[in-house]
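Fold and contact review
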Amino acid sequence: MTNSPRIVVLIGYMGSGKSVVGNLLAKQLHLPFVDSDDCLESKTQQSITQIFEEQGELGFRKMERNVLHELLTDNQDKVLSLGGGAPCYFDNMDVITQHTLKVVYLDTSIQVLVERLWKEKNHRPVIAHLDSKESLTEFIGKHLFERRPFYRKAPIIIAVQKQSPSEVVQQIVDSL
Ligand code: S3P
């Protein structure tokens, strides 16, 4: 019997479904759902966009790193959804897997990401400047090429294509 908190971490690109799937998963596992961006926003009383504007991306990444550390060490059970870039900076991915092996990468197809993100790109500073679906598709393709080596360190990888969120949740529960 161990006293370690029960933490399930969800990682994946923006638009991969971490919030929707994470909320459902948390209900099913009877755990609280926590989102690292929401924590950062309530801590600073600023939106992610404002933080990027005022501190630059590096400032944001340092704050994100601190919040990640707090959330992994606060001794609270939880389903934790991380901002899409969090696993890809500093040694964050190693720190995450040192705390829990229940790390799930939602490997959502590029087509699905483009459709979802095109509608809601404006509040995501990393992609807000892209002005056509073609440029968004190209950007995501290149960005995933850089980020996948980090995401793929997750012990659990779920390929997301046409499944419903509850089907994805069931796949995760079966893999935990
Ligand atoms: C980012 C993803 C966002 C947020 C920030 C940067 C990224 O989180 O942390 O805009 O670099 O991929 P979501 O993945 O929850 O949209």
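Okay, so let's go over this structure. The model shown is predicted, which means the values in this text are computed figures rather than measured ones.

1. Section: the site of the ligand
By nearness alone, 14 residues border the ligand, and Lys-18, Asp-37, Arg-61, Gly-84 and Arg-147 come closest of all. Contact distances for the ligand include 2.6 Å between an oxygen atom and a side-chain N or O atom of Arg-61. Within the backbone of Gly-84, an N or O atom sits 2.8 Å from an oxygen atom of the ligand. For the ligand, whose accessible area on its own is 390 Å², the fraction buried by protein is 94%. For the shell around the ligand, the element with the most residues is helix H3 (residues 48-73), which contributes four residues. Of the residues that constitute the shell around the ligand, the class distribution is five nonpolar, three polar and six charged.

2. Examining the packing of aromatic side chains
Counted under the stated rule, the structure contains two aromatic pairs. Taken together, a centroid distance of 4.7 Å and an interplanar angle of 35° make the contact between Phe-52 and Phe-60 tilted. In terms of burial, Phe-52 and Phe-60 fall into one category: buried.

3. Considering the pattern of salt bridges
According to the stated counting rule, one finds 10 salt bridges in the structure shown. Between Glu-115 and Lys-133 there is a salt bridge, with the nearest N and O atoms lying 3.0 Å from each other. Here Glu-115, found in helix H5 (residues 110-119), pairs with Lys-133, found in helix H6 (residues 133-151); they are 18 residues apart in sequence, far enough to count as distant. On the accessibility criterion, Glu-115 (40% relative accessible area) is partly exposed.

4. Focus on the side chain of Thr-100
Mapping Thr-100 onto the fold places it in the loop between helix H4 (92-99) and strand E4 (103-108). Here the side chain of Thr-100 touches Ile-7 through a polar contact of 2.8 Å, landing on its backbone oxygen. Apart from the residues within four sequence positions on either side, Thr-100 is in contact with Ile-7 and Val-9.

So, how was this worked out
- Residues numbered from 1 in each chain as written.
- Predicted model: local features only at pLDDT ≥ 70, side-chain atom pairs only at ≥ 80, totals over all residues.
- Heavy atoms only, no water.
- Near = heavy atom within 4 Å.
- Polar contact = N/O pair within 3.5 Å; in protein donor to acceptor, adjacent residues only side chain to side chain.
- Areas by Shrake-Rupley, 256 points an atom, 1.4 Å probe, with all protein chains shown as cover.
- Helix = DSSP H or I, 4+ residues; strand = E, 2+ residues; numbered from the N terminus.
- Nonpolar A, V, L, I, M, F, W, Y, C, P; charged D, E, K, R; others polar.
- Phe/Tyr/Trp six-rings, centres within 6.5 Å; stacked < 30°, edge-to-face > 60°.
- Buried < 20%, exposed > 50% of the residue type's maximum accessible area, 1.4 Å probe, protein only.
- Salt bridge = Lys/Arg side-chain N within 4 Å of Asp/Glu carboxyl O.
- Contact = heavy atoms within 4.5 Å.

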